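One letter stands for each residue in the lines below.
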Amino acid sequence: MKLLKLVCPFLCFTLLLGCFSNTIKTNRNQKQEIGENIQQLKYEEKYLESIQYPKTDITKLDKKIQACIETYRKSFHKQVKNFKEDRKAEFNVSYESYVKANRYVSIKFMIFESIYQNHEYIETIVFDQQKDEFLHLYDIYNEDKMQALSAMAKSYFEERFPQECDNDVFRSHISAIEDNFDTFVLKKDRIVFYFEEGKLFENSATFEVGYQDIDDAVDLKNETVPTFVPYPDILNEPVKVINPNKPMVALTFDDGPTRRYTTAILDALKENNASATFFILGSRANNAPDVLQRMVLEGNEIGNHTYSHKQLTTLSKEKIEEEIEVTQETIYEITHLYPVLIRPPYGSKNDTVISCAHDKRVVAWTLDTRDWASKNAKTIVDNVMNTVKDGDVILMHDLYASSAQAATIVIPKLKEAGYQLVTVSELYAYHPDYAK
Ligand code: ZN
């Protein structure tokens, strides 16, 4: 309950924005490599609408983007006309954009509709700036090598989800035809194929392949790629498949990083193919920048726990902003990402703290392990396993040997008990009800 209350001001804030101006310009998402991010919000009696798209200033491409959004919007409006429920329907468009070799522009749209049911479509547009034309797969991929691509994708999925692959729906959607693989983007070093929900599996799925592994089939100019892979790329890539219908919890670790204990926890997470959220202190970040990068690269989330761990409710507005913003910048310098979550030290918050968080979400917890009090791994594990339930945000600290030890035990135990270990942002994405 604590959690639900906290987030409410942000929801109101968003809706207010919708009343005053329906276009907001933002440009913070690392996955958006081209154009200006335009956001349009609408707050209607029957539905909520949030549309984000890139304004690229490439005439042909911008036209296509508008047409694409319009198609989905029309279909939504048609369906929502007779919608009668207590809640509002919702139409949401978000996107990622990629530029390869200064020439190929790829846009991936995620079109989310919530009417009687939720449904997400994936649509990609690939544009060759040099030829001024849109590309389909066979424009860049040799048709004769299609069988090989299909076989690669097939064995990739079969290895990971053997039970889900033994059926005709999967076999027909993975077969070697252009249509099956025509939803793709060209990243700098690899091509990524998307299969929207209900195609291969109930959930959407992703398959990617480096250009060097298909160099006999594609002819795209090579370019050097920075070694650091930004976090959103990792999160959206195929290692992580989250089943929204299965229970999930978010482990969170506050007050780090500490090289010794944080690293042990990261090892346990990696071994179990699990993720967690680390609410780190800005003051500690530069002691272990490589640990922060590792968090991100392995699909974990970093949240802001302020710079120096002061109780924010005792500080002036200026001081609170400084605690938050210096930490944002410190983390950005190391990871190329701004945290979207803030957890105030001691969970202390008031209206000033919340207003200083601006667009970042203020996050509490629902299960307190009190690891700092017991400093006993068994007690910590018992505290979790005796009370855990779907949707819990679990509080621990990567400050103590006992907490690290407890984490290595509790991570596989939670998985065994059927929980998916996700980040806090993922938990909210799949359980938007927690955000009300
Ligand atoms: Zn703390």
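A brief structural summary. (Residues numbered from 1 in each chain as written. Predicted model: local features only at pLDDT ≥ 70, side-chain atom pairs only at ≥ 80, totals over all residues. Heavy atoms only, no water.)

**Overview of the overall build of the protein chain**
Helix and strand counts for the protein chain stand at 16 helices and 18 strands. Here the protein chain holds 436 residues, and the buried ones make up 49% of them. Once local pairs closer than 6 in sequence are excluded, the contacts in the protein chain between residues at least 24 apart make up 68%. Of the roughly 21000 Å² of accessible surface on the protein chain, 48% is carried by carbon and sulfur atoms. (Helix = DSSP H or I, 4+ residues; strand = E, 2+ residues; numbered from the N terminus. Buried < 20%, exposed > 50% of the residue type's maximum accessible area, 1.4 Å probe, protein only. Contact = heavy atoms within 4.5 Å. Areas by Shrake-Rupley, 256 points an atom, 1.4 Å probe, with all protein chains shown as cover.)

**Focus: the packing of helix H8 (residues 259-271) against helix H10 (residues 289-297)**
H10 packs onto H8 with a crossing angle of 20° between their chain directions and a minimal axis gap of 11 Å. In terms of their interaxial angle, H8 and H10 are classed as roughly parallel. In this structure, the crossing between H8 and H10 has a hand that is left-handed. Each of Arg 259, Thr 262, Thr 263, Leu 266, Asp 267 and Lys 270 in H8 lies in contact with H10, whose residues at this interface are Asp 290, Val 291, Arg 294 and Met 295. Here the residues of the contact of H8 with H10 sort into 3 nonpolar, 2 polar and 5 charged. (Axes fitted to C-alpha atoms, helices over the stretch in contact; angles between N-to-C directions. Parallel < 35°, antiparallel > 145°, perpendicular 65-115°, else oblique. Left-handed = near helix turned anticlockwise from the far one by under 90°. Nonpolar A, V, L, I, M, F, W, Y, C, P; charged D, E, K, R; others polar.)

**Observations regarding the packing of aromatic side chains**
Scanning all chains against the criterion turns up 21 aromatic pairs. Centre to centre, the rings of Phe 170 and Phe 201 are 5.7 Å apart; their planes meet at 25°, and the pair counts as stacked. A residue pair is termed long-range when its members are at least 10 positions apart, and Phe 170 in helix H6 (residues 168-174) and Phe 201 in the loop between strand S9 (190-195) and strand S10 (205-210) qualify at 31 residues. Accessibility assignment for this pair places Phe 170 and Phe 201 in one class, buried. Through a chain of ring-to-ring contacts, the aromatic side chains of Tyr 156, Phe 157, Phe 161, Phe 170, Phe 181, Phe 184, Phe 193, Phe 195, Phe 201 and Phe 207 assemble into a single cluster. (Phe/Tyr/Trp six-rings, centres within 6.5 Å; stacked < 30°, edge-to-face > 60°.)

**Regarding the pattern of salt bridges**
Taken as a whole, this structure holds 24 salt bridges when the rule is applied. Here Lys 108 makes a salt bridge to Glu 96, at a shortest N to O gap of 3.9 Å. A residue pair is termed long-range when its members are at least 10 positions apart, and Lys 108 in strand S5 (residues 104-114) and Glu 96 in strand S4 (residues 89-100) qualify at 12 residues. Residue class for Lys 108 comes out buried when judged on its relative accessible area of 6%. Beyond isolated ion pairs, a larger network of salt bridges with shared partners links Asp 267, Lys 270, Arg 294 and Glu 298. (Salt bridge = Lys/Arg side-chain N within 4 Å of Asp/Glu carboxyl O.)

**Some remarks on the packing of helix H14 (residues 377-387) against helix H15 (residues 401-416)**
Two measures define how a pair of helices packs: the angle their axes make with one another and the distance between the axes. Where H14 contacts H15, the axes come no closer than 8 Å and their chain directions differ by 35°. Relative to H15, H14 is oriented so that their crossing is right-handed. Taken together, the residues of H15 that come into contact with H14 (itself represented by Ala 377, Ile 380, Val 381, Val 384 and Met 385) are Ser 402, Ser 403, Gln 405, Ala 406, Ile 409, Val 410, Lys 413 and Leu 414. Taken together, the residues that form the contact of H14 with H15 break down as 9 nonpolar, 3 polar and 1 charged.

**Examining the sheet that holds S10**
Read from one edge to the other, the open sheet built from 3 strands follows the order S8-S9-S10, with strand pairing classed as antiparallel. Sheet topology places strand S8 (184-186) and S10 at the edges, where each strand pairs with a single neighbour. The average undirected angle you get between the axes of adjacent strands in this sheet is 15°. In this sheet, S10 lies alongside S9 in antiparallel orientation, the contact comprising 6 bridges. Considered in S10, the bridge of Phe 193 is made with Phe 207. Most of the contacts of helix H4 (residues 146-160) go to S10, to which it runs at about 125°, and overall it touches S9 and S10. (Pairing = 2+ DSSP bridges.)

**Observations concerning the side chain of Ser 97**
Along the polypeptide, Ser 97 turns up in strand S4. The class of Ser 97 is buried, set by a relative accessible area of 0%. Within the structure, Ser 97 has its side chain in polar contact with the backbone nitrogen of Ile 34 (distance 3.2 Å). (Polar contact = N/O pair within 3.5 Å; in protein donor to acceptor, adjacent residues only side chain to side chain.)

**Observations regarding the environment of Lys 188**
Looking at the element boundaries, Lys 188 is found in the loop between S8 and S9. Separated by 90 residues in the primary sequence, Lys 188 and Tyr 98 have C-alpha atoms spaced 7.8 Å apart. One polar contact links the side chain of Lys 188 to the main-chain carbonyl oxygen of Val 99, over a distance of 2.9 Å.

**Brief notes about the coordination of the zinc ion**
The protein atoms that coordinate the zinc ion are Asp 255 (OD), His 305 (NE2) and His 309 (NE2), at distances spanning 2.1 Å. Counting gaps between the donor residues of the zinc ion yields the pattern D-x49-H-x3-H. Of the two residues, Asp 255 is situated in the loop between strand S11 (248-254) and H8 and His 309 in the loop between strand S13 (301-304) and helix H11 (317-335); the sequence distance between them amounts to 54 residues. Judged on exposure class, the residue Asp 255 and its partner His 309 are both buried. (Donors = N, O, S within 2.8 Å, 3.2 Å for Na, K, Ca; no water.)

**Describing the pairing of S5**
The two faces of a sheet get side chains in turn, since along a regular strand they alternate between them. Most of S5 is tucked away, with 10 of its 11 residues classed as buried. Strand direction decides the pairing type here: S4 and S5, joined by 11 bridges, are antiparallel. The residue of S5 that forms the bridge with Lys 100 is Tyr 104. Linkage of S4 to S5, two consecutive antiparallel strands, is achieved through a turn of 3 residues, within which Ala 101 is found at a positive phi near 55°. As paired strands, S5 and strand S6 (residues 118-128) are joined by 11 bridges and run antiparallel to one another. Bridge pairing in S6 links Tyr 104 to Asp 128. In sequence, S5 turns back onto S6 through a hairpin of 3 residues.

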